[in-house]
Every structure is written in C-alpha cells, then in structure tokens.
Amino acid sequence: MTTDEAGCNILMVVAIDIGTTYSGYAYSFKKEYEVDKLNIHSNQVWNSGSKSLLSLKTQTCILINKDTKEFDSFGFDAENAYEDSILGNEADKYYFFDRFKMVLHNSEIISKDMEITDGKGNTFPAIEVFALAIQALMQSLMEQILKRDVPIKSNEIKWVLTVPAIWNDNAKEFMRISAIKAGIREDRLVIALEPEVASIYCQTLPPDKITGAPDGFSVADGTNYLLVDLGGGTVDITAHHKINMDYLEELSRASGAACGGTMVDKEFLKFLECIVGKKVMKHLREEHTVDYMDLMRDFETIKRKMNSASDHGKKINIIIPLSHLNSLCQRFLEKDFETAIDDFLEEEERKKNEGTARQESELSNNANGGKIPKRQILLVGHKMRVDPVIMKSFFKTAVETIVLEISNVLQNLERTNLNTILLVGGFSESPLVQKIIRQNFPDMHIISPEDPVLAVLKGAVLFGHKPDFITSRFTRYNYGRRIRPLFDESKHDPKKRVTGEDGDRCRDVFEIFMEINKKSAIR
C-alpha cells in the first residue's frame, strides 16, 4: 500500500485516455500491482450497437441536452442516441460533438473560455465538453467497480489523464483543468505523456507479448528504441533508453504531427468531393446525418482491415447512401450519382491523356503514382466498388508524413545505437501502415505489443503506481522570465529603452532558465 503526499492511502490507479477517435480507461488495484504489474483491467465490451463494430475503446463523441445544458450520453451510446433523435426529428434538442480532441492541437489560442462547434454549427464551451467526457468515463469506471463489489473511496483513487507529448503547455493545462472540473481532486490527478507511458508499458512486457520481433529478441537493459504512437489524430514520437526494468530516459525531445488515422478519413471524403462536389457532401452530412455516420462507420471497418496484400485482390465494397446521393446529385449537379462517377473517371482519363501535372488533379494519383483508370470505380446496388489501389491512396499522405517524421528523428540520433522502432496506438494496427514503415526502415526491428491500442492506457496505470519511471526529459521550449536589466547599448534594442529612477533599462528581455532541447533530470 502506498501513501500520497496528503497522507492518504492510494488503493487504486485509474487511467483515462480521451482520444481523437476513441476513448477509454484502464485500472488496477495496488494489491494486484504488487503481485503482477500487468494485471490491468479495461472495459472489454464497448459495442457500437447499430453496427458490428467492436472496439476496446468507445467512440469519442458526446451528446448534450440543449435546454438544460446537461450531459445525455457518451461514446457509442451518444452516437446511437443522436441517431434516434434525428430519426425522431428531435436532433435540434441536442449538441453532438465528436472527435473534438483535435481542437486543442489545432487552436493557436487555448483558454478556459474557448468554444467549439458541432456539426450543425452550434457552439458550446470547450471546457464543459471535455469535462463531461472525462466525467462519463469516470462514471463508467465506477459502475464497473460496483459490479465487482469492491469498497473504495474517491480519495483512495489516483487518476492519470493522458495527453500527447507534442501538445503545448496550454493544451496540457486545459486538460488538467477539465479533469478537475469533472470532479477529480487536484491532489489525486496526474497528467501523463502518451508516448512515455506507452513506452513504460512495452518495456515491462515479456518477449512473448511483443509481436514482430525476431526469435530471442527482447527490450533488454541498455536498449535504445524509438516509440512511435500512431493515434487517431496525432503521431507522437519519442526516443528512449531503457536503463533497467524500472527506469527510462529520453534520448531526444518528443516530436510528431497531426497525421493519424483520421487523415485517411479526410482523404476519403476529399475523394467523394472530387466525384460529387463539396456542396453535395455538405448537405449529405447536414440533411442525412444518420446515413453519413453509417457511411463513415463502414469506411472505418474497411480501413482497419486494409492490407497491402490486396493489390491484386477483389474490389473493396463501400456501402453508400445511394438514394440520398442520387437526390442530392440531381439537385445540385442535375445528374445521378452513377453518372457523376462516370464523369469523374472520364475527366481523370482526359487529364491522363493530356499529361496534366499532378497538382492540377488533387486526387488523380493513386498509391502507385498513376492516374485512376476507368472502371476502377463501379456502382453495384448500394455499394461503391473500388480497386484496392484507390483505397491505398487514402493512406498515402498520412503514411508519407509518418515516415518523414520518423526519418527526421532518426537523423538527429545518428550517433545513437538505435535499431528498434516500437509501434503503438490504434493506427499502428493497420497492416498497410506496418508494411510501409518496414519497407522504409529495412534495417530496423519493427515491433509492437499484442494490444497496441491499449498501450497508452495500460502504461498510464503503471505510471500512476510508479511515477518516477522516467528519469529525464528533453525540454521542448526555452523557459525563463521577463526582466528589465540596465540598458546596454552594445546588445539591447534602442526602441526598448526606458528611463527609470535607477537609470535607463531595457524592457521585455527574456532571461532563460532552461534552454530548448536540453536534457533535464526529473528525479
């Protein structure tokens, strides 16, 4: 049994991960941890209900009552409830937010007063959305604990909230405030960096729980490796040195980009916009939201299964809302959806024959670098049948960016004995992504834990039990303070000269305490 700084016993550690696409929680009791560190529990029964899409996490979406501003539901429950409200012509009674995490990555200014917008243009305080999402996962967790008939008090729980390492300090602070607003006591809250805790989990695993490793391979003491967290919204990359089973240190500061699995979704939507136009897709999303959501769910299932071996296989079937697409195409294009496809293919063929540059056709290049030939897209009933090469093209931008980010980090670590890349995160489960990374880094061991989608959550639980796992980090910014030193004509800007009682001084001078990209000890 451990005791925190407030002198209270911590009997349980709970980790919460609000992901871009999926969210979840994991937990373990102190007594279990002392016997087996990897005896970590998570909700294994998330189910979308209306579709056969099973997941170890639930959808990151939330439904809020407009009149009362109160929470209605979260995750797959929220998605299904929102669909019911649409079918019952009651959608205007709710706010529906999904994939809202990226607002913290994309916003230049982050504050407690910022608002976010749902799919219908309704705005709501962002802090409320994040707090209610955290609260929903907390409630689900507590219901599980009650079913296990485990008596535990709130002050006996340590909560660990995960955030991307590449986020700025304002975004991380926003998540901390959201968690406190959700009801977590500040002295029971720990903020953890996603690639760090995933690394902690993976280096704790026995060799037989690591996939893709050669015979006899292990993450032994003294090993250097690159942890690549491929999530829904972002890709987080950190290089670590395993000191021993209990300690890790950073070899470089965290880096990454917004090139996760949702970028594949965006490319798919761009593809449809090239066929029918932005206006048709906008009205499909706003007027036929249920069918639009079904389309994207079906695409998600296909995306997960997509593999590189499909080049010469059968066409991929995407179920589409044909009747609505037909009516919208007739309204805005004066032709049906099938004719729109034919016209698109003819235009692509014309560009190919004229030798038009790639830049003039946003989606004309497929993954093999050629134009989309005729009949690679067919319409059969309510299914749009596309060649695998087109499906692969939706991954192109994301995977190219991932490879570039990994290359940049490895280039900065040229003198480090590093020959292992450890893949975690939901997007890392893609066979296609795995193969392309292997092709681009043939001299590296590309390995992954058995459950990469839960690596962050389970690692966060371990971090909660032992927060001194990470011994050092590299700074991402210059840290210091603003001062007014005596004016020095040899180094100060004359425009910043001010006169005071004790002589001339220079305003807005930044005194650095800690420089960027410098290693600093944590313990």
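Residues numbered from 1 in each chain as written. Predicted model: local features only at pLDDT ≥ 70, side-chain atom pairs only at ≥ 80, totals over all residues. Heavy atoms only, no water.

Draft legend 1. Broad picture of the pairing of strand 18 (residues 235-244). For strand 18, a buried count of 8 out of 10 residues is recorded, marking the element as mostly surrounded by other parts of the structure. Taken together, the 7 bridges between strand 17 (residues 224-230) and strand 18 define a ladder with antiparallel strand orientation. Across the sheet, Val 228 pairs through a bridge with Ile 237, a residue of strand 18. Counted between consecutive antiparallel strands, the loop separating strand 17 from strand 18 contains 4 residues. Bridge analysis of strand 18 against strand 20 (residues 255-257) gives 3 bridges, and the strand direction is antiparallel. Looking across to strand 20, one finds that Asp 236 is bridged to Gly 256. One ladder, built from 4 bridges, connects strand 18 with strand 19 (residues 247-250); its direction is antiparallel. The partner of His 241 across the bridge, within strand 19, is Glu 249. (Buried < 20%, exposed > 50% of the residue type's maximum accessible area, 1.4 Å probe, protein only. Helix = DSSP H or I, 4+ residues; strand = E, 2+ residues; numbered from the N terminus. Pairing = 2+ DSSP bridges.)

Draft legend 2. The arrangement of a nonpolar patch on the surface in detail. On the surface, a cluster of nonpolar side chains totalling about 300 Å² of accessible area is made up of Tyr 479, Phe 513 and Met 514. Structurally, Phe 513 is set in strand 30 (residues 509-514). (Patch = residues over 30% accessible without salt bridge, like charges linked within 9 Å, V, L, I, M, F, W, Y side chains within 5 Å. Areas by Shrake-Rupley, 256 points an atom, 1.4 Å probe, with all protein chains shown as cover. Salt bridge = Lys/Arg side-chain N within 4 Å of Asp/Glu carboxyl O.)

Draft legend 3. Geometry of the packing of aromatic side chains. Counted by the stated rule, this structure contains 14 aromatic pairs. Between the aromatic rings of Phe 97 and Phe 124, the centroid separation amounts to 6.3 Å while the plane-to-plane angle is 40°, which identifies the pairing as tilted. Of this pair, Phe 97 sits in strand 11 (residues 94-98) while Phe 124 sits in strand 13 (residues 123-125), and the two are 27 residues apart along the sequence. Comparing Phe 97 with Phe 124 shows no difference in burial state: the two are buried. A network of ring pairs unites the aromatic residues Phe 268, Phe 271, Phe 299, Phe 344 and Phe 394 as a single cluster. The ring centre of Tyr 95 lies 5.8 Å from the NZ or CZ of Lys 66, which sits over that ring. (Phe/Tyr/Trp six-rings, centres within 6.5 Å; stacked < 30°, edge-to-face > 60°. Lys NZ or Arg CZ within 6 Å of the ring centre and 35° of its normal.)

That's the geometry; what it means functionally is another story.
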